[in-house]
Amino acid sequence: MSIDLVDTNAADINNAIVQARRRAGSPAMGMVLSLVVDADESTHYDAVRAAADAAHEHPSRILGVIRRPGRGAPRLDAEIRVAGEAGPGEVLLLRLHGKLASHAESVVLPLLLPDAPVVAWWPGDAPEVPCDEPIGQLASRRITDAAASGRPLAALGKRAAGYNPGDTDLSWTRLTPWRTLLAAALDEPYDHISGGTVEGERSSPSAELLAVWLEHRLGVDVTRKSSKGPGLTAVRLDTKTGEIALTRPDGRLATLSRPGQPDRPVALQRRSTAELIAEELRHLDPDDVYQKTIKQVGAKPPPKAEPKGPTGSARKSA
């Protein structure tokens, strides 16, 4: 069920939600959090769709904030989706026109679920310090995506400089399967590791984070090498008896190699944005490992100038 409201306000939106629930035969709310998606017209469709898919695991009220600044009169237009179309939660698309676009928090605040956690997500360009952004101040968890920027490594540096507890980035979330497989590989006996290499696309923030994490955890120098991708393609750890390597040239199937053992194929599929958001919503407390890793990124010299390229899904997966 979809309801369109033109030149409306928060009170009318709340009333429309209640009426829509009653007509759908589901007056009770089973939602566990509010997810605020701060996007624009070019990115909101895919972002809200991913959030709605994630809501099958975490029933949520999704508030898509679409800013349309200009010289026109301040106006709020809303599109409300409940019941089947929005999955187990609700989707509110809020288009803020004119000067109202600069005060999105005043529109969002009355529409948040009472006594429920608030998560903010910027699927495109994010503020330098998400915690200082008015919408970020409403949230206990703030999700950004450095890979969505035109200069991902520079954006990752800003995430490091502006980090506050509760911040996270999807470039880190994409690394969960890689870190899991590498940790499992190192659970078995191995010779002393003297160094390592992480291979991935030149401007991959995930590759940068993985190299820093390995350096911090293993206490060795880890070199970054560029590859054609897609995303991350290999991690190689040097020992005196040979390489421990996890390689994935095609973005789907990886090979785990260890000295003196046969190669082992492992599934390492590049994950969708919905899967990444669902993972982040499973834990709303600060990520201590990410905090240590991103601070190590901030302590490193800034990367060499990277070519500015188009944003897109090709770069957004590890």
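Before reading further, recall that the structure is shown in the block above.
A quick note: this is a predicted structure, and the numbers were derived from the prediction, not measured.

All right, on to the pairing of strand β13 (residues 253–257) then. For strand β12 (residues 242–247) and β13, the ladder comprises three bridges, and the chain directions are antiparallel. Note on β13: the bridge partner recorded for Ala 245 is Ser 257. Here β12 folds back onto β13 in antiparallel fashion, the turn holding five residues, of which Gly 251 has a positive phi close to 80°.

Looking now at the nonpolar core. Judged by nonpolar contacts, the single largest core of 35 residues is most densely connected at Val 198 and Leu 210. Of all elements in the fold, only α5 (152–161), α7 (176–185), α8 (205–218), β11 (232–239), β12, β13 and α10 (288–299) reach the threshold of two or more residues within this core. Broken down by element, the residue count for this core peaks at seven residues, all from α8. Each residue touching Leu 210, except ones within four places of it in the same chain, is listed here: Leu 175, Trp 178, Arg 179, Leu 182, Val 198, Leu 232 and Val 235. The next biggest cluster of nonpolar side chains, apart from the first, holds 29 residues, and it includes Ile 80, Val 82, Leu 100 and Val 118.

Now for the sheet that holds strand β3 (residues 60–68). Sheet strands pair via backbone hydrogen bonds, and the direction of the pair is either parallel or antiparallel. Pairing in this open sheet of eight strands is mixed, and the strands run β1-β4-β5-β3-β2-β6-β7-β8 from one edge to the other. Either end of the sheet is taken by a strand with one partner, and the two such strands are β1 (2–5) and β8 (167–169). Averaged over all adjacent pairs, the angle separating strand axes in this sheet is 15°, with direction ignored. Both strand β4 (residues 75–81) and strand β5 (residues 90–97) contribute to a ladder of seven bridges, which runs antiparallel. Directly across from Asp 77, in β5, lies its bridge partner Arg 95.

Let us now look at the environment of Arg 68. Topologically, Arg 68 is positioned in strand β3. Through-space distance from the C-alpha of Arg 68 to that of Ala 20 is 27 Å; in sequence the pair is 48 residues apart. With sequence-adjacent residues up to four places away left out, Arg 68 is seen in contact with Glu 41, Arg 95, Leu 96, His 97, Gly 98 and Ala 101.

With that out of the way, let us pick up the sheet that holds strand β10 (residues 222–226). Pairing within the open sheet is mixed, and its six strands lie in the order β10-β9-β11-β12-β13-β14. Here the strands that pair on one side only, and so sit at the sheet edges, are β10 and β14 (264–267). Each adjacent strand pair in this sheet contributes to an overall mean axis angle of 20°, direction not counted. The pairing of strand β9 (residues 195–200) with β10 spans five bridges and is parallel. When the bridges of β10 are listed, Glu 199 appears paired with Lys 225. Against the sheet, α7 touches β11, β12, β13 and β14, its axis set at about 20° to β11.

What counts and what doesn't
- Residues numbered from 1 in each chain as written.
- Predicted model: local features only at pLDDT ≥ 70, side-chain atom pairs only at ≥ 80, totals over all residues.
- Heavy atoms only, no water.
- Pairing = 2+ DSSP bridges.
- Helix = DSSP H or I, 4+ residues; strand = E, 2+ residues; numbered from the N terminus.
- Core = buried A, V, L, I, M, F, W, Y, C linked by side-chain atoms within 4.5 Å.
- Buried < 20%, exposed > 50% of the residue type's maximum accessible area, 1.4 Å probe, protein only.
- Contact = heavy atoms within 4.5 Å.
- Axes fitted to C-alpha atoms, helices over the stretch in contact; angles between N-to-C directions.

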